[in-house]
Amino acid sequence: MYQIGELAKKLSVTTDTLRYYEKHGLLKPCSRSETGYRLYNDNNLRSLQFIISAKKCGFTLKDIQELLSIQVDKGSHKCHEVKSFTEHKLQQVDEKISELIAIQSSLKKLIQACDGGDKSAANCSILTTLEDDGGITY
């Protein structure tokens, strides 16, 4: 059995992170000590390792809840469901990357159009372009 601090240390996360997961229904202590401390077991540890791995892959807490529900009841689900779910996440990431590339391009154009000198910002080409929304594409 682990107390929350021990579990957090084992996973290299903060106790606030564990409490956050508990608040959002991803983690439930298996019991409480006589003094009221949350107690966790190795199953909790494995679940948290799963949660942390999924977070590193970009899954949201909502996504992780769904993945955990599949993981808990693997026999009632098919692998293609998980693959499809993951493909959808990849599509979202690809869309976000495209948006970020467009933003990057716009920022580069703004920077290139500005000489960055010591003149007054009243004539700043970046501010003027943003005010006019001219030449910015997303």
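As the structure is a prediction and not an experimental result, all values here were calculated from the model.

Rules used throughout
Residues numbered from 1 in each chain as written. Predicted model: local features only at pLDDT ≥ 70, side-chain atom pairs only at ≥ 80, totals over all residues. Heavy atoms only, no water. Salt bridge = Lys/Arg side-chain N within 4 Å of Asp/Glu carboxyl O. Helix = DSSP H or I, 4+ residues; strand = E, 2+ residues; numbered from the N terminus. Buried < 20%, exposed > 50% of the residue type's maximum accessible area, 1.4 Å probe, protein only. 1 Å grid on protein atoms, 1.4 Å probe; cavity = no way out; pocket = protein on both sides within 12 Å on 5 of 7 lines; lining within 4 Å. Points joined across faces, edges and corners; volume = space filled by probe spheres on them. Nonpolar A, V, L, I, M, F, W, Y, C, P; charged D, E, K, R; others polar. Pairing = 2+ DSSP bridges. Axes fitted to C-alpha atoms, helices over the stretch in contact; angles between N-to-C directions. Parallel < 35°, antiparallel > 145°, perpendicular 65-115°, else oblique. Left-handed = near helix turned anticlockwise from the far one by under 90°. Contact = heavy atoms within 4.5 Å.

Engineer: Requested: an account of the pattern of salt bridges, with residues and values cited.
Structural biologist: Side-chain pairing between opposite charges can occur once the charged atoms of the two side chains come close. Summed over all chains, the structure comprises five salt bridges. For the salt bridge of Lys89 with Asp63, the shortest nitrogen-to-oxygen distance reads 3.4 Å. Placement of the pair is Lys89 in helix α5 (residues 79–113) and Asp63 in helix α4 (residues 61–72), with a sequence separation of 26 residues. As far as burial versus exposure is concerned, Lys89 and Asp63 are alike and both buried. With its nearest N and O atoms 3.6 Å apart, the salt bridge here joins Lys119 to Asp115.

Engineer: Go over the layout of surface pockets with me, naming the residues and quoting the values.
Structural biologist: Estimated volume of the largest pocket: approximately 280 Å³. Every residue lining the largest pocket is listed: Gly25, Leu26, Leu27, Lys28, Asn43, Asn44, Arg46, Ser47, Gln65, Leu68, Gln71 and Val72. Looking at the lining of the largest pocket, the elements that each hand over two or more residues are α3 (42–56) and α4. Its residues assigned to classes, the lining of the largest pocket comprises four nonpolar, six polar and two charged.

Engineer: Mind laying out the sheet that holds strand β1 (residues 2–3), listing which residues take part and the relevant values?
Structural biologist: An order of β1-β3-β2 is seen for the three strands of this open sheet, with the pairing classed as antiparallel. Sheet topology places β1 and β2 (31–32) at the edges, where each strand pairs with a single neighbour. With two bridges connecting them, β1 and strand β3 (residues 38–40) associate as antiparallel partners. In the sheet register, Tyr2 faces β3, and the bridge partner there is Tyr40.

Engineer: Pulling in residues and values, what's your account of the packing of helix α1 (residues 4–11) against α3?
Structural biologist: At a minimum axis separation of 11 Å, α1 and α3 run at an interaxial angle of 45°. What the angle tells us is that α1 and α3 run oblique. Here α1 runs over α3; the crossing is right-handed. Each of Leu7, Lys10 and Leu11 in α1 lies in contact with α3, whose residues at this interface are Leu45, Leu48, Gln49 and Ile52. Split into classes, the residues belonging to the contact of α1 with α3 amount to five nonpolar, one polar and one charged.

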